[in-house]
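A look at the structure
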Amino acid sequence: MLSLEGVGCKEYGGLVGGEVVPEVSCPDPKCQGIRLRGHGWYLRYVGGKQEPLRRVRCPRCRVSHALLPEDLCAYRDATLGAVELALAASGPSAGAQAAQQGGSQGVRRVRRWLRSADGRFAASLQALLAPAVGPWWCRAQKVVGEAAGWLTRLRHFVWSRWRCFVGGVSGLYRHGRPVVSTAGRSPQLGNCPAGGSCGEASPGLRDGP
């Protein structure tokens, strides 16, 4: 997974549509910045509608990446802006209303977002950020500022420093590679381990195929 800086969900279709392949380099340092090539499209829900998202592939390591708008969560039909509103509210119900996550399903979704404060994602992310009182989002705001768009800024900050992709509220993927659950491999495959360095592989941690 990679994202296009400066291109949000509203602009994405007009700028990445058709045969246009944005100039994006492979994030794996072994590939020495080789340009990624177009690798088709796939459909996923964005704002309740199925939209085509561009896939790109490295001709050297042959790893493919989904190319996301900068403000779209990975694997979820939610924007980073909606997550910000939910986290700032006082509880799941108020958060669902603020983030326009409708019904009981929306409340459950926001409750899961709030629970991310105690998950593996939070531990991994907090290992990269300066100490601060409160959950991971308080630490993040200390680093990138509290103004709207802080989650998007956090995504770009973490990527520029450690080449780890912030998927939203649950995923932190080294070199933008998703978790692969394969027998005999680390359950954190592709993720930054809590307390470990994202720049180098930790014991038991390897990049995906």
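What you see is a predicted model; the values in this text were computed from it and never measured.

About the cut-offs
- Residues numbered from 1 in each chain as written.
- Predicted model: local features only at pLDDT ≥ 70, side-chain atom pairs only at ≥ 80, totals over all residues.
- Heavy atoms only, no water.
- Phe/Tyr/Trp six-rings, centres within 6.5 Å; stacked < 30°, edge-to-face > 60°.
- Helix = DSSP H or I, 4+ residues; strand = E, 2+ residues; numbered from the N terminus.
- Pairing = 2+ DSSP bridges.
- Axes fitted to C-alpha atoms, helices over the stretch in contact; angles between N-to-C directions.
- Buried < 20%, exposed > 50% of the residue type's maximum accessible area, 1.4 Å probe, protein only.

The next subject is the packing of aromatic side chains. Applying the stated criterion across every chain yields a total of 6 aromatic pairs. Their ring planes at 85° and their centres at 6.4 Å tell us that Tyr 75 and Tyr 173 sit as a pair that is edge-to-face. Here the residue Tyr 75 occupies a position in the loop between strand E4 (64–69) and helix H2 (80–88), and Tyr 173 occupies one in strand E6 (residues 172–174), the gap between them amounting to 98 residues. A network of ring pairs unites the aromatic residues Phe 121, Trp 136, Trp 137 and Trp 150 as a single cluster.

Moving on, we come to the sheet that holds strand E2 (residues 37–46). Spatial ordering of the open sheet is given by E1-E4-E3-E2, a layout of 4 strands whose pairing is mixed. Whereas interior strands pair on both sides, the edge strands pair on one side only; in this sheet they are strand E1 (2–4) and E2. Direction aside, the axes of adjacent strands within the sheet are offset by 35° on average. Relative to E4, strand E3 (residues 49–57) is paired through 3 bridges, and the arrangement is antiparallel. Residue pairing for E4: Arg 55 is matched across the bridge by Ala 66.

Our next topic: the pairing of E4. Among the 6 residues of E4, 5 are classified as buried, and the element is accordingly described as predominantly covered. In this structure, the hairpin formed by E3 and E4 is closed by a connection of 6 residues, where Arg 62 is found at a positive phi of approximately 65°.

In short, geometric facts, not functional conclusions.
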